[in-house]
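This is what each chain is made of:
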Amino acid sequence: MQQKIKSVLISVFNKDGLQPIIASLTKQNITIYSTGGTQKFIEENGGKCISVESLTGYPSILGGRVKTLHPVVFGGFLARRDVESDLKEMEQYNIPEIDLVVVDLYPFEETVKSTNDEAAIIEKIDIGGPSMIRAAAKNFKNVLVIADKNEYPALEKILSENNAETSLEERKDFAGKAFDVCTRYDVAISRYFNKRNCVNPYEEKHEYRKPLRYGENPHQQGFFLGDIKEIFDQLHGKELSYNNLVDVDGALQLMKEFEKGSSDKVTFAIFKHTNVCGIAQRNNVSEAFTAALAGDPESAFGGVLIANSSIDKRTAEGLKDLFFEVLIAPAFDDDALPVLQAKKNRIILKLKTFPENGQQTKTILNGLLVQDYDTINLPEDGENAIDWQKATEEEKEDMIFGNIVCKHLKSNAIAIVKNKQLLGKGCGQTSRIDAMKQAIAKARQFDFDLENSVVASDAFFPFDDCVKIAHEAGITSFIQPGGSIRDKDSIEYCRANNLLMVITGVRHFKH
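S.K.: Even after reading the chapter, I still don't get the nonpolar core, so can you show me in this structure?
M.R.: Proteins that are soluble and globular tend to have nonpolar side chains buried together. By size, the foremost hydrophobic cluster in this structure holds 41 residues, and its most contacted members are Val248, Leu252, Ile279 and Ile328. Top contributing element to this core by residue count: helix 11 (residues 242-255), with six residues. Those residues in contact with valine 248, other than ones at most four positions away along the chain, are Phe232, Leu240, Val304, Val326, Ile328 and Leu349. Judged by nonpolar contacts, the second largest core, of 29 residues, contains Ile98, Phe108, Val143 and Ala178.

See the structure below:
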């Protein structure tokens, strides 16, 4: 059903791109209703307006909080043109038909990013805008609604090339987009009040929806929702892939635990398929890289690398012959970048900030699983844990280091560390004993001496078999959450063999 646009209500915060619309509306002799700053802008650009106040008989009140919320305005949006009683009431109450609604919303998200002033943020919660958009979209049978300035070119085409006529299908399509705008807005407000930091699944604005080459595999489509430029500056290389982004996120979650300032040491880590395959802390970035790579040089091939310190030329020279997908660091020395940029596809990311840890979501069945991030390592009373006081400072540091590393391995997980270096890991195993055997085998593969090393486990030891195997390999310290009905088996074995067993009470499953 074709319908001619004869009248429009315009009320927008952002005036960018509005001039051509005003010119086309004026050329078509379309009646324009507006208010406040929008009315002033239209008139300054050669358009003629009827003020909303002249329709309603009320001025803008409460500091501009109430301008358009009036039956005369909303009657013009919601009236059904094919319902006789609606038409009679419109005539009775002098309600004009409004065929086109052009409305945007106050910049709530931008305000949240730019200030902590709650009063300023609250004032940017739009009331009239979403109400007008929803009303017009509901009545798409009779009204065209434009709720995003990115749709202005399409509107201009309708006005100039289609003689200001729209089909029912067009109006319904724009209505769907308008409801998405409102949904995104409401989710952003909900996130602010509930202090959640999760991806808005309705965020499809052009600048936030980034198509990827493919998903996890070439036959799967994929895209990224979010503004990755808030986190990184990409200095070099090809576009990040789906799998790159997954590993980059894992690398950031790990390195956030070792932000510079939490230690005077430099941390370097290597990530592969969402697992840590090498990590070490040393006095400088070159030494940290060398030690991290030594932990598993085979798995490092094609990995994601991350450091919490600037990459210098010496480190870049050590990296240049290694095939890796991504390198992340807070800075790069001027003489290091040319060395790293020698290979055109190598992705170099300069970290600007770590993402905030609010809640993480996972699609499952016909819904979403939502949980807090795992941000706890040792509990506040960790120093009272069994055997903690018996440990040397070096053993304590390795236990803390190993516990963090193990937290970032897929369950069942075991990490073996010594001198703040990952020597071997077992991850993604269906039994803890297999994870322990895998970790020891990995360490031996690269000729590490396990004497006086530390084992970290993401969950309890159900029996004493794991500690026996580890002890036979030379391991002398263990850190684990405990919680098994047979904890005493492992504890008693450690007591009998003069081994350290620290029980934290905090499990770190990761699936």
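S.K.: Looking at this model, I keep getting lost on the sheet that holds strand 15 (residues 347-351). Mind explaining?
M.R.: Strand order in the open sheet formed by six strands is 10-15-14-13-11-12, and the pairing between neighbours is mixed. Two strands in the sheet have a free side with no partner beyond their single neighbour: strand 10 (232-236) and strand 12 (275-282). Recorded for the sheet is a direction-independent mean angle of 20 degrees between the axes of neighbouring strands. Of the strand pairs in this sheet, strand 10 and strand 15 are connected by four bridges, and their pairing is antiparallel. Directly across from histidine 236, in strand 15, lies its bridge partner isoleucine 348. Each of strand 10, strand 11 (266-272), strand 12, strand 13 (303-307), strand 14 (324-329) and strand 15 is contacted by helix 11, which is oriented at about 150 degrees to strand 11, the strand it contacts most.

S.K.: Explain the sheet that holds strand 18 (residues 414-417) here, please?
M.R.: In any sheet, the strands associate via hydrogen bonds between backbone groups, in a parallel or an antiparallel arrangement. One open sheet accounts for five strands, arranged 19-18-20-21-22; its pairing is mixed. What marks the edges here is a single partner per strand, and that holds for strand 19 (422-426) and strand 22 (500-503). Each neighbouring strand pair of the sheet contributes to a mean axis angle of 15 degrees, computed without reference to strand direction. Summarising the sheet, strand 18 and strand 20 (residues 454-457) pair through four bridges and their orientation is antiparallel. The residue bridging valine 417 from the neighbouring strand is valine 454, located in strand 20. Across the sheet, helix 16 (residues 432-445) is in contact with strand 18, strand 19 and strand 20; its angle to strand 19 comes to roughly 145 degrees. Helix-sheet contacts for helix 18 (residues 487-496) involve strand 21 (477-480) and strand 22, and the interaxial angle to strand 22 is about 145 degrees.

Rules and cut-offs
Residues numbered from 1 in each chain as written. Predicted model: local features only at pLDDT ≥ 70, side-chain atom pairs only at ≥ 80, totals over all residues. Heavy atoms only, no water. Core = buried A, V, L, I, M, F, W, Y, C linked by side-chain atoms within 4.5 Å. Buried < 20%, exposed > 50% of the residue type's maximum accessible area, 1.4 Å probe, protein only. Helix = DSSP H or I, 4+ residues; strand = E, 2+ residues; numbered from the N terminus. Contact = heavy atoms within 4.5 Å. Pairing = 2+ DSSP bridges. Axes fitted to C-alpha atoms, helices over the stretch in contact; angles between N-to-C directions.

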